[in-house]
Amino acid sequence: MIDTIREIETPEGISLRLRAAGALPRAQAWTLDMLVRLLVLFIAAIPLSLFGVGGNGLVLLLTFALMWAYPVFCEVWWHGQTPGKRALGLRVVNADGTPVTWLPSVVRNLLRVVDILPGVYGVGLVSTLVDPYARRLGDIVAGTLVIHASELPAGEQMPAMDAIALPVVLAVDEQAALVEFAERAGQLTLQRQEELANLLTPLTGLRDTAAIRRLVAQANWLLGRA
Amino acid sequence: MKQERFVAMHVREWDNLQSWLSALERQPRRTLRQEQSLDFPSAYRRLCHHLALARGRGYSHEVTDRLQRLVQQGHLVLYRPPAPRWHVTATFLVAGFPRLVRSQWRCILAAAVLFYVPALVTLALMLLRPELAHTVFTSAQLADFEKMYDPSNPHIGRSSGTDLQMFGFYVMNNVGIAFRTFASGLLFGVGAVYVLGANGVLIGGVAGHLTAIGYGGPFWRFVVAHSAFELSALVIAGGAGLRLGMTLLAPGRQRRGPALVAAGWIGAQLALGAFAMLLVAAFIEAYWSSIAALSDAVKFGSGALLWMLVLGWLWRGGRARSHGA
């Protein structure tokens, strides 16, 4: 429940990592969408009122379209994003990570009727809290998922340093651990870096700051830097 | 192979793909016409291969994260939904929808019973004991109905408003009811049962009351034409809702999750078909049903024709192509 990442294997044998979006950003996106819709209705109602009583009919048709069709058309045409979702960096995808298609989008938006039920999205809130991927009932029935589309901030780059060869051959996961240490060292306090580097004294034969420098140099060698 | 060499070998290809993908986001049509887009599927698959290699060789996050991001962007482009085609919509309305309705006949028959039985019972009760109208409706509602169907009203079925206004109102109101009937079926079917029954009592009550007080003529002349589409669509939407609720209660030889997804898929198609039917119904109701000046023969003749059309369409539509297509 804490890990909201859903891994999906694609036909190419690669796993996609989809980060499921929780209730709060989705509620914010919904509020934004609501404001957009009210604004459109308000602006359109002014010229339509010139048509007299018949204009009321057009206003009702517009209300209908904004209420039922707006989310479906936005999601399908804008790669799973309504304006509100785009502003919050959210995206609706099918369960296999592909952009949402017509029928799933219709299902998830029609079933808002149930999710919205007691008060404002009571059922939907409970469902997003219980489901491991924070899906509301409409998402579960439609087989869709709301994910964070914005990219994670890129991690620290490894500091460049003159490479020093490793004295022994390390296994692949050990190499990966060494490279990750060198990449993340910048985010740790000096004391923590030293504490970790001192675990590898048998490998480096050094302690404290010298050990850190040696490990980073060896990581540079692993990446093949000169 | 060391990471640096791997990156040096492929970084240009990754940069190219990245710039093509971001150009696609800005100007989709123009970018898709470029020659490079022909190469995209194979470039994407090479990229997947690179990511797998980078993962397997334990390269740093600098490389794997970048490739992962690119793959994720590319996946959305390669597996994007096909552009909608009009003939698919037309085929669905003419053949696919009636076929779907027939394949779900159990739920739809149940919905029809849940709607028509309360309607007919209320209608009969109103005719036998007209004073019951006051227990179902308030006197303000009764006065409104009586005004709408007053035989001296030139526009039957409404107390005020133009055709266009009423069209908007009918779309908003009736399609909303149909969609809610479908969706509320997810509450173990209770919602759909309630909406169907309540609408049955309401419609049967109005019909019975107006017939009892002698306004039956205008009322039946008004409803006979559009009711073919409107009531059938309501019953179909209710059937879709019942199907959803039944799947939740008794998913059969499937887990609830996949069973619900399948039921939602069918339900959405039924709801979309009902939506199309209700658009037609609203059009007829606003522009044809409200004309009071036509003779009974024209009114009831067109009504019978529409009922036969709807029932025939649902019964036979798409039958010839059931093995092909």
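Computed from a predicted structure; not experimentally measured. (Residues numbered from 1 in each chain as written. Chains lettered and ligands numbered in written order. Predicted model: local features only at pLDDT ≥ 70, side-chain atom pairs only at ≥ 80, totals over all residues. Heavy atoms only, no water.)

Trainee: Quick question: what am I supposed to make of the environment of Asn-94 of chain A here?
Mentor: All names here are of chain A. Inspection of the secondary structure puts Asn-94 in strand E3 (residues 90-94). What Asn-94 contacts, discounting residues up to four positions off in sequence, is Pro-99, Val-100, Thr-101, Pro-104, Gly-143 and Thr-144. Polar side-chain contacts of Asn-94 include one of 3.2 Å to the backbone oxygen of Pro-99. (Helix = DSSP H or I, 4+ residues; strand = E, 2+ residues; numbered from the N terminus. Contact = heavy atoms within 4.5 Å. Polar contact = N/O pair within 3.5 Å; in protein donor to acceptor, adjacent residues only side chain to side chain.)

Trainee: Would you explain the packing of helix H11 (residues 216-249) of chain B against helix H13 (residues 296-316) of chain B in this entry?
Mentor: Two quantities define a packed helix pair, namely the angle between the axes and the distance from one axis to the other. Residues and elements named next belong to chain B. At a minimum axis distance of 7 Å, the contact between H11 and H13 shows a crossing angle of 15°. It follows from the interaxial angle that H11 and H13 lie roughly parallel. As for the relative orientation of H11 and H13, their crossing is right-handed in sense. Contacts from Trp-220, Arg-221, Val-224, Ala-225, Ser-227, Ala-228, Phe-229, Ser-232 and Ile-236 in H11 reach Asp-296, Lys-299, Phe-300, Gly-303, Leu-306, Trp-307, Val-310 and Leu-314 in H13. Here the contact of H11 with H13 is composed, by residue class, of 11 nonpolar, 3 polar and 3 charged. (Axes fitted to C-alpha atoms, helices over the stretch in contact; angles between N-to-C directions. Parallel < 35°, antiparallel > 145°, perpendicular 65-115°, else oblique. Left-handed = near helix turned anticlockwise from the far one by under 90°. Nonpolar A, V, L, I, M, F, W, Y, C, P; charged D, E, K, R; others polar.)

Trainee: Explain the interface of chain B and chain A here, please?
Mentor: Many authors give the size of an interface as the accessible area that is lost as the parts come together. With 55 residues of chain B at the interface, the matching set in chain A holds 55 residues. Of the roughly 4700 Å² buried between chain B and chain A on both sides combined, carbon and sulfur atoms contribute 73%. Counting every contact that joins chain B to chain A gives 1 salt bridge. Among the ionic pairs, Glu-12 of chain A bridges to Arg-45 of chain B, the shortest N-O distance being 3.2 Å. (Buried area = accessible area lost by both parts, 1.4 Å probe. Salt bridge = Lys/Arg side-chain N within 4 Å of Asp/Glu carboxyl O.)

Trainee: Got a minute to help me understand H13 of chain B in this structure?
Mentor: Since the α-helix packs 3.6 residues into each turn, any two residues three or four apart lie on the same face. Residues and elements named next belong to chain B. The end-to-end C-alpha distance of H13 is 29 Å, a good match for the 30 Å that 21 residues give at a rise of 1.5 Å each. Among the residues of H13, Lys-299, Ser-302, Gly-303, Leu-306, Val-310 and Leu-314 are the ones counted as buried. Seen end-on, H13 carries its buried residues on one side only, within an arc spanning 105°. Across from the buried face of H13, at angles greater than 90 degrees, the exposed residues are Ala-297, Leu-305, Met-308 and Trp-315. Looking at the buried residues of H13, the elements they touch are helix H5 (86-103), H11 and helix H12 (256-289). Phi turns positive one or two residues past the end of H13, at Gly-318, with a value near 75°. (Expected span 1.5 Å × (residues − 1). Buried < 20%, exposed > 50% of the residue type's maximum accessible area, 1.4 Å probe, protein only. Arc of directions from axis to C-beta.)

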